[in-house]
Each structure stands twice: as C-alpha cells, then as structure tokens.
Amino acid sequence: MSAENASNSQHYIAVQQADFDVAHEYAELRKDNRSDGAVVFFTGLVREMNQGSQVSGLTLEHYPGMTEKALQQIVADACSRWPVNRVRLIHRVGTLAISDQIVFVGVSSSHREAAFDACYYIMDYLKNRAPFWKKEVTSDGERWVEALDKDKQALGKWQ
Amino acid sequence: MSAENASNSQHYIAVQQADFDVAHEYAELRKDNRSDGAVVFFTGLVREMNQGSQVSGLTLEHYPGMTEKALQQIVADACSRWPVNRVRLIHRVGTLAISDQIVFVGVSSSHREAAFDACYYIMDYLKNRAPFWKKEVTSDGERWVEALDKDKQALGKWQ
Amino acid sequence: MNILFFAALREQLGCAQCDIALPLPASLATVRAALIQHFPQQADLFVQGRALAAINQTLINDENTPVNSGDEVAFFPPVTGG
Amino acid sequence: MNILFFAALREQLGCAQCDIALPLPASLATVRAALIQHFPQQADLFVQGRALAAINQTLINDENTPVNSGDEVAFFPPVTGG
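Residues numbered from 1 in each chain as written. Chains lettered and ligands numbered in written order. Predicted model: local features only at pLDDT ≥ 70, side-chain atom pairs only at ≥ 80, totals over all residues. Heavy atoms only, no water.

1. What to know about the overall build of chain C
Helices and strands together make up the secondary structure of chain C, namely 2 helices and 7 strands. Along chain C, helices (α) and strands (β) appear in the sequence β-α-β-β-α-β-β-β-β when read from the amino end. Dimensions of chain C, computed from C-alpha atoms along their principal axes, come out at roughly 30 × 30 × 20 Å. With 82 residues in all, chain C has 49% of them scored as buried. The contacts in chain C between residues at least 6 apart in sequence include a share of 52% that link residues at least 24 apart. Working note: accessible area of chain C is about 3,800 Å², and carbon and sulfur atoms make up 50% of it. (Helix = DSSP H or I, 4+ residues; strand = E, 2+ residues; numbered from the N terminus. Buried < 20%, exposed > 50% of the residue type's maximum accessible area, 1.4 Å probe, protein only. Contact = heavy atoms within 4.5 Å. Areas by Shrake-Rupley, 256 points an atom, 1.4 Å probe, with all protein chains shown as cover.)

The following block contains the structure:
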C-alpha cells in the first residue's frame, strides 16, 4: 500500500501498517538537495488522553483505493499553492499503541514560509478529506473517535 | 555555549558550532511523552543560491551573551501564547557549507495548531530579533547577507 | 447498485456493503434517499453531514452529482485520521 | 562609555568596540548621536533602522530608553540568522 505520486517524482506518499523512521524521511528531503533552505515536518502521535478519556491504544481503518487518491490530491493542491520542492507523506493504518507515530508530513522548499504553510495545509486537509477513521480502546471500552468542528473550521485559514 | 531555559526545564536552547542530529532532537521531544499528539519541527539549511548569487559557504557570527537571552525570550513568548509542552532550539555559528544545517526548532504539543503556530512564530522572531549575522562566500567574493523586508513583514501575522 | 460502508457506519449497519435497486444515472441525493428507505431503522445515520459520500474514491459535496452505472459509491462517517 | 559593534558594522568601522565620552544617564538617541560624531565619515551607518541597538543584551526599539553607567551597549546591523 505505498504509492509514489505519479505527477511529481519528488513527492512520496504512502499508507502503511509499518512504522516510519523520521531520520530516514528527513534524509530523503535533504538528499542531493542544494536549493532548499527550509524543511518543515509534522508528526502525529497517539495521545494517552483524548476527548476526555484515558486511551490505551487505537485501530486506524481506511478506505483502500480512495486513501492514496485523496492524499495525492491534497499534496497536489498544496504544491499548486506554494513553491515547495519535495513532499513526503506517510500515514499508518492498523493497530497502534500510546506514543506511536501515526502520520508524517515533511516539506522542503527554498523558503520557510512555503514549507510551513504547505505542511500545515496538508495536515488540515488530511484531517478533513482523507478517509481514515480512529477507533480507540479506552477504560470504558472501544469507541470511534468523533470528528471535531475545530478541524472543519481549521480549513477557514486557507480560504 | 549551551543553556537550558531556566524558566522551564522542558525547553532546551543551544548556540553551538557543532552540527545537530535531528533524530536525537526528535527523540528528546517524544521521550516519556504520553500527552503530546503533535510534533512540528523546522530546519534551516545553507542554500546554494541566495539573493541572486551562487554561494559556496558561509560564516555565522553572533553576539555571545545576547544570543541565548534573545532566544530564551522568543521561546518564552511563544510558550505564553500557545500551550506547547517542549521546545528545542539549536542555532549553529561558525563556518558552514552548502546543505549544512543552520537551525533547528522543534515543538511538541497536545494539538497540531499550537505546535505549528509556535514553531513558525519562533522562526519568524528569530529571523528578526536574534543577533546572528551571515557572511556568504560567493563567486564575487565575501558579502554580508542583507536583512529582508519580507522577514520584518512576517511578524505582522502574529499581531 | 453496490454501496460500500466504512468505520462506525459499517458497524452500526452491520454490513460492509449492500445492494440496492435504483435506476441509474441518479443523483447522489437519490442514492442517499434510497439508502434511508433500505435501512429505515438507521435512517438518521445517513443524514447529510453525518454520512459523507464518495463516488469513484472522490469525496463529493454536491448532492446533485450524478451516480452512473459502474461507479464505486461509498458512505462513511466524517474522517478522523491524522 | 564602551560600545560594542558586530558583523558588517564592525568591519565597516574597523573596530569591534570603541570608547566615547558621554555623561550618563543618556538616552539611546543621545548615544547614537555621539557615535555619529565619533565616526563622522561613517555617519550613515548609524541611522536608525540601519543600526539596531541593544542595552544589556536586549534589543531596544525605543530611542528614549536611558543608558546608565555600567550598561553594556551594542550596535549592529539588522540580523540575518535562521
């Protein structure tokens, strides 16, 4: 379940059960890259507390086939808005424990503004448009995580 | 030339000639951290092209004594504006080559908004308030890098 | 036509997909209404905003979008990845 | 009083620090004017905005800020780190 973004070989998009290595992703963003002065990355981690409950782990479900397509569209949209050179986006699925890595978004660009904005934009849209769903194991049993209004409102900053 | 921020032992601020290891910094942000769901980091790298010239390297001068104080103030300001839990900020001085790492800012927080905004804020203020100066070696000889209006204007987004 | 379900919606309906009889092309709104008829006890699950829809793996916001024969249609709750 | 210079300003003046005679306390504006008198050939280097000033390692924007005896005062170009 890994797919290079066909529209630009500088971008890498993957959906996978396996963990990812931030040092490797960062190295890929820098490798043979003499033109970029800025790298911004985001990682999302499983938190112990969420929506008022103690969490002991979670399962990430997705819609295979749509997921890669949605992520590629989000990355393409970000690249059309800002002059970014490389994007690496990895999202895990399956069973995860507290503090596990969920998602990585890394962006390199000549300048910091484009790198910050594109990375932030990709995360905001991923939160609203990419077909992933979290089911948490809490002290009260399993529950599906509720989508939050604040994530929908976060898109407002990009209008 | 390394100084823990006395006001909060969760923060680490250093000015050093030595290179830094992003994997180590990221590990420090995650270590024994069950509450943070978001890590954002920025690295600044030496670009080959700057302000219209081919660059082969640069020297970073700073104002020892003031530098750490200025960085600590910027981090403290960011922490008073957003609920961030850990900040790691390293800025190098001395002689650097193309693609070398210059600066690292890493922020962890429960939520991505605080981590993104605080990291971006710290870089914007560092660019305007921290006493570092770059002298580039170009094909036309050495020159001091000019401060840019766009960096000053970048502070507008935080008013 | 065949419709896919994911996550909480799949669990609440007790099935990962269903077949409904519907003349195509039809609007997404018509498909949504047919689902409500098909699952009368769980009609509220399909309210717009509570169940998002994708046609051919693309999220669709316009309920007038046509669904054609051979399209892959899916309904699912608001997403919670990241 | 002793004043420190950094980076391009230090190179253009040809010195990392200088001593100027000035009754203290004095405003930062007065110190700046005294520097212009001390370096008449390089007066333009000290124009506000072109040379930033720090008192006791803190950047000062208000030119009315008093400089007291024992304060560490520095002038330098706009910063270019990061």
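Now that the structure has been shown, we can carry on.
2. Digging into the overall build of chain A
For chain A, the helix and strand inventory stands at 4 helices and 10 strands. The order of helices and strands in chain A, counted from the N terminus, is β-β-α-β-β-β-α-β-β-β-α-β-β-α. Against the globule reference of 15 Å for 159 residues, chain A gives a C-alpha radius of gyration of 16 Å, in line with a compact fold. The C-alpha extent of chain A, read off along each of the three principal axes, is 50 × 35 × 25 Å. Looking at chain A residue by residue over its 159 residues, the buried ones come to 62%. In chain A, once contacts between residues fewer than 6 apart in sequence are set aside, the share between residues at least 24 apart is 76%. When the accessible area of chain A is evaluated, it comes to approximately 6,200 Å², of which 46% is carbon and sulfur surface. Once the 18 positive and 21 negative side-chain charges of chain A are each reduced to a mean point, those two points are 4 Å apart. (Rg over C-alpha atoms; globule rule 2.2 N^0.38 Å. Lys, Arg positive; Asp, Glu negative; His and termini not counted. Charge placed at Lys NZ, Arg CZ, Asp CG, Glu CD.)

3. Considerations on the packing of helix 3 (residues 112–129) of chain A against helix 3 (residues 112–129) of chain B
Running from N to C, helix 3 of chain A and helix 3 of chain B point in directions that differ by 175°, and their axes come no closer than 11 Å. Between helix 3 of chain A and helix 3 of chain B, the interaxial angle falls into the category roughly antiparallel. Contacts between helix 3 of chain A and helix 3 of chain B pair A:Arg112, A:Glu113, A:Phe116, A:Asp117, A:Cys119, A:Tyr120, A:Met123, A:Asp124 and A:Lys127 from the former with B:Arg112, B:Glu113, B:Phe116, B:Asp117, B:Cys119, B:Tyr120, B:Met123, B:Asp124 and B:Lys127 from the latter. For the contact of helix 3 of chain A with helix 3 of chain B, a count of residues per class yields 8 nonpolar, no polar and 10 charged. (Axes fitted to C-alpha atoms, helices over the stretch in contact; angles between N-to-C directions. Parallel < 35°, antiparallel > 145°, perpendicular 65-115°, else oblique. Nonpolar A, V, L, I, M, F, W, Y, C, P; charged D, E, K, R; others polar.)

4. Some points on the sheet that holds strand 4 (residues 52–55) of chain C
Residue and element names in this part refer to chain C. Taken in spatial order, the 5 strands of this open sheet run 2-1-7-4-5, and their pairing is mixed. Each end of this open sheet is capped by a strand with a single partner; those strands are strand 2 (17–19) and strand 5 (58–60). Put simply, the sheet's adjacent strands are angled 30° from each other on average, direction ignored. Sheet topology note: the strand 1 (residues 2–5)/strand 7 (residues 73–76) ladder contains 3 bridges and is parallel. Bridged to Ile 3 within strand 7 is Val 73. Of the strands in this sheet, strand 1, strand 2, strand 4, strand 5 and strand 7 are in contact with helix 2 (residues 28–38), which crosses strand 7 at around 60°. (Pairing = 2+ DSSP bridges.)

5. Some points on the relation of the copies chain A and chain B
Screw-axis analysis of chain A against chain B gives a translation of 0.0 Å along the axis, an RMSD of 0.0 Å, and a rotation angle of 180°. These values place the two chain copies in the arrangement generated by a two-fold rotation axis. When the interface residues of chain A are mapped onto chain B, 100% of them again fall at the interface, so both copies present the same face. (Least-squares fit on C-alpha atoms with pLDDT ≥ 70 in both.)

6. With respect to helix 2 of chain C
Here helix 2 of chain C has its buried residues at C:Leu28, C:Val31, C:Arg32, C:Ala34 and C:Leu35. End-on, the buried residues of helix 2 of chain C take up no more than an arc of 160°, which puts them together on one face. (Arc of directions from axis to C-beta.)

7. As for the packing of aromatic side chains
Following the criterion strictly, the structure yields 39 aromatic pairs over all chains and no others. The ring of A:Tyr120 carries the charged tip of A:Lys157 above its face, separated from the ring centre by 4.1 Å. (Phe/Tyr/Trp six-rings, centres within 6.5 Å; stacked < 30°, edge-to-face > 60°. Lys NZ or Arg CZ within 6 Å of the ring centre and 35° of its normal.)

8. Things to note about the pairing of strand 6 (residues 84–92) of chain B
Residue and element names in this part refer to chain B. With 8 of 9 residues buried, strand 6 lies mostly within the body of the structure. The pairing of strand 2 (residues 12–16) with strand 6 spans 5 bridges and is parallel. Directly across from Ala 14, in strand 6, lies its bridge partner Ile 90. With 7 bridges connecting them, strand 6 and strand 8 (residues 101–109) associate as antiparallel partners. Note that in strand 8 the partner of Ile 90 across the bridge is Phe 104.

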